[in-house]
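# Observations on the model geometry
What follows is each chain in one-letter form.
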Amino acid sequence: MSPVPRTPVCERLGIRLPIFGFSHEPEVVIALTRAGGFGVLGVAREPPEAIPEMVARVRHDIGDARFGVDLMLPAGMPERDDPAAIAARIPKEHRAFVAGLRERFAVPPATRPNFFSSVVRTQALFARQIEAVLGSDVDLIATAVGLPPEMLRRAKDAGRMTLSLVGTAAHARAAIDAGADILVAQGHDAGGHTGPIGTMSLLPQVIEVAEPRGVPVLAAGGIGTGAQIFGAIAMGAQGAWLGTLWLGARENRTSRTLLARLAAAGSADTVVTRAHSGKPCRVVRSAWSDAWAEPGAPEPLPMPYQHALTGELLASIEEHDVAPLVYEAAGQSVHWVREERSVAQIVDELVGGILQAQARLRALGA
Ligand SMILES: Cc1cc2nc3c(=O)[nH]c(=O)nc-3n(C[C@H](O)[C@H](O)[C@H](O)COP(=O)(O)O)c2cc1C
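Keep in mind that this is a model prediction, so the values were computed, not measured.

What counts, and where the lines are drawn
- Residues numbered from 1 in each chain as written.
- Predicted model: local features only at pLDDT ≥ 70, side-chain atom pairs only at ≥ 80, totals over all residues.
- Heavy atoms only, no water.
- Near = heavy atom within 4 Å.
- Polar contact = N/O pair within 3.5 Å; in protein donor to acceptor, adjacent residues only side chain to side chain.
- Helix = DSSP H or I, 4+ residues; strand = E, 2+ residues; numbered from the N terminus.
- Nonpolar A, V, L, I, M, F, W, Y, C, P; charged D, E, K, R; others polar.
- Core = buried A, V, L, I, M, F, W, Y, C linked by side-chain atoms within 4.5 Å.
- Buried < 20%, exposed > 50% of the residue type's maximum accessible area, 1.4 Å probe, protein only.
- Domains from an automatic or database assignment.
- Contact = heavy atoms within 4.5 Å.
- Buried area = accessible area lost by both parts, 1.4 Å probe.
- Pairing = 2+ DSSP bridges.
- Right-handed = clockwise from strand over helix to strand, strands pointing away.
- Axes fitted to C-alpha atoms, helices over the stretch in contact; angles between N-to-C directions.
- Left-handed = near helix turned anticlockwise from the far one by under 90°.
- Expected span 1.5 Å × (residues − 1).
- Arc of directions from axis to C-beta.

### A few points about the site of the ligand
The environment of the ligand is made up of 20 residues, and the closest members are D70, Q186, G222, T244 and S333. G222 is positioned with one of its backbone polar atoms (N or O) 2.7 Å from an oxygen atom of the ligand. Within the side chain of S333, a nitrogen or oxygen atom sits 2.6 Å from an oxygen atom of the ligand. Those elements giving two or more residues to the shell around the ligand turn out to be β3 (68-72) and β9 (240-242). A class-by-class count of the residues in the shell around the ligand yields nine nonpolar, nine polar and two charged.

Quick look at the structure:
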């Protein structure tokens, strides 16, 4: 059998497989690195002081292999966490709606905070997260939902590779101008914050912008099979970037309740909602997204006020595992989250699919 295509970006990063994984869980990043792919640890939901230890955890286990860290740095957030000023931006009607949800679903109070209940996304938080990441020995820094050129410049000056997730050709141009070394063309199908253009339409548009400038592009959004990865490479991508599929990985330690919801969900069971963060975000459908879409429900608040409003309730739902309301960001690729498997098993299956797609082409005489 012919080997899996090793694209120039694989050579550059020293990886065997054109499979990139976004995950909040260090164990997933470690396992993916060991399986021959490239792991990127999402730390946007981490307080800055937790970041060094998480990065060190990955480094300890993977030695000299390369890996990345991802930050979400949206523009337009308040300068700093001023509780009175933030509270003043939350209308009474919204507070009453959230209190009503707590009552309707009998959600007990949280006894411990989580990120959403204890932290507000502010410029001051981002500055501290950036310092924590730049102060670590991570090899690549990815940014999404926002592109601070100063951060990219500092990352490059410090010898780090930079990667930017983009959702339109215009974003791609801006990211290259700001100095991104690698782009991820992340389509509407993707889990998490997502733009309006589907992956299949977006990928060639981003490649058209990036290829003449020598910037490699990875495909993201709705990818759950090796055949899709092979197809993306045939279209000019240098690899695929997956997020949702790892939620079904044993190493992710996804709660039983959430795993059951994801395993039961098909591609039509995800929705793009502002009810998660205030910006359009694709999540697996639950009573949470349904409630915010009901007639009479208030419009979700803009980021970061939506989380300032809902953080306590989200922390309570997570802690008490309140089944109807449990959800997570998830892409249309949730179709391929069926049962818990190890990262190595997931990668094996993807590789099998790539080889099968290659064989299919050969059989056609291509
Ligand atoms: C649970 C979850 C959380 C995510 N959070 C982030 C994030 O913080 N930063 C980011 O750049 N992308 C984030 N994403 C998007 C992924 O980086 C990736 O682009 C996306 O998952 C690809 O589509 P897929 O979910 O269909 O594989 C998240 C995705 C998921 C599923």
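### Some words on the nonpolar core
Within the largest apolar cluster, 127 residues are counted, with the highest numbers of intra-cluster contacts made by L183, W241, W246 and W288. Among the elements that take part in this core, helix α15 (residues 343-363) stands out by supplying eight residues, more than any other. No fewer than three residues from each of domain 1 (8-79 + 121-264 + 334-354) and domain 2 (82-118 + 286-326) sit in this core. Apart from the residues within four sequence positions on either side, L183 is in contact with S164, V166, A172, A175, I176, V206, A210, V215, P216, V217 and L218.

### Re the domain arrangement of the protein
One frequently used descriptor of interface size is the decrease in accessible area upon assembly of the parts. Domain annotation of the protein identifies domain 1 (8-79 + 121-264 + 334-354) and domain 2 (82-118 + 286-326). Between the C-alpha centres of domain 1 and domain 2 the distance comes to 28 Å. Counting residues at the interface gives 15 residues for domain 1 and 13 residues for domain 2. Taking both partners together, domain 1 and domain 2 bury about 1,100 Å²; carbon and sulfur atoms supply 69% of that area.

### Observations concerning unusual backbone geometry
A cis amide bond links M303 with the next residue in sequence, P304, at an omega value of 5°. The topology assignment puts P304 in the loop between α13 (287-293) and α14 (305-320). One non-glycine residue, V145, adopts positive backbone phi at about 45°. As for its position among the elements, V145 is in the loop between β4 (140-144) and α8 (149-157). Given a relative accessible area of 26%, V145 falls into the partly exposed group. Within the chain, D321 stands out as a residue other than glycine whose phi angle is a positive 50°. Among the secondary structure elements, D321 is positioned in the loop between α14 and α15. Residue D321 is classed as partly exposed on the basis of its relative accessible area, which comes to 31%.

### Topic: the pairing of strand β2 (residues 38-42)
β2 sits mainly inside the fold: five of its five residues count as buried. Residues F38, V40 and G42 of β2 are buried on one face, and the alternating residues G39 and L41, pointing to the opposite face, are buried as well. When strand β1 (residues 19-23) meets β2, the two strands line up parallel, connected through four bridges. Each residue of the ladder has a partner; that of G21, found in β2, is G39. For the crossover from β2 across helix α3 (residues 51-62) to β3, the handedness is right-handed.

### Examining the sheet that holds β9
Read around the closed barrel, eight strands run β1-β2-β3-β4-β5-β6-β8-β9, paired in parallel fashion. Ignoring which end each strand starts from, the neighbouring axes of this sheet average 25° apart. Two strands pair when backbone bridges link them, and strand β5 (residues 161-166) and strand β6 (residues 182-186) are joined in this way by four bridges, in the parallel orientation. From the neighbouring strand, V166 faces β6, where its bridge partner is A185. Along the sheet face, α8 touches β4 and β5 and points at about 170° away from the line of β4.

### Focus on the packing of helix α9 (residues 169-178) against helix α10 (residues 199-210)
Direction vectors running N to C along α9 and α10 enclose 30°, while the axes themselves pass 9 Å from each other. Crossing angle aside, the handedness with which α9 passes α10 is right-handed. Touching A169, A172, R173 and I176 of α9 are Q205, V206, V209 and A210, all from α10. For the contact of α9 with α10, the class distribution of residues is six nonpolar, one polar and one charged.

### Thoughts on helix α5 (residues 92-104)
Structurally, the α-helix is built with 3.6 residues per turn, so residues lying three or four positions apart point the same way. The end-to-end C-alpha separation of α5 is 18 Å, in line with the 18 Å expected for 13 residues at 1.5 Å each. Taken together, the buried positions of α5 are H94, F97, V98 and L101. Looking straight down α5, one finds its buried side chains confined to an arc of 95°; they lie on one side. Exposed and oriented more than 90 degrees from the buried face of α5 are K92, A96 and E103.

### Things to note about the sheet that holds strand β10 (residues 270-273)
As a general point, the strands of a sheet are linked pairwise by backbone hydrogen bonds and lie either parallel or antiparallel. Spatially, β7-β11-β10 is the arrangement adopted by the three strands of the open sheet, whose pairing is antiparallel. Here the strands that pair on one side only, and so sit at the sheet edges, are β7 (192-193) and β10.

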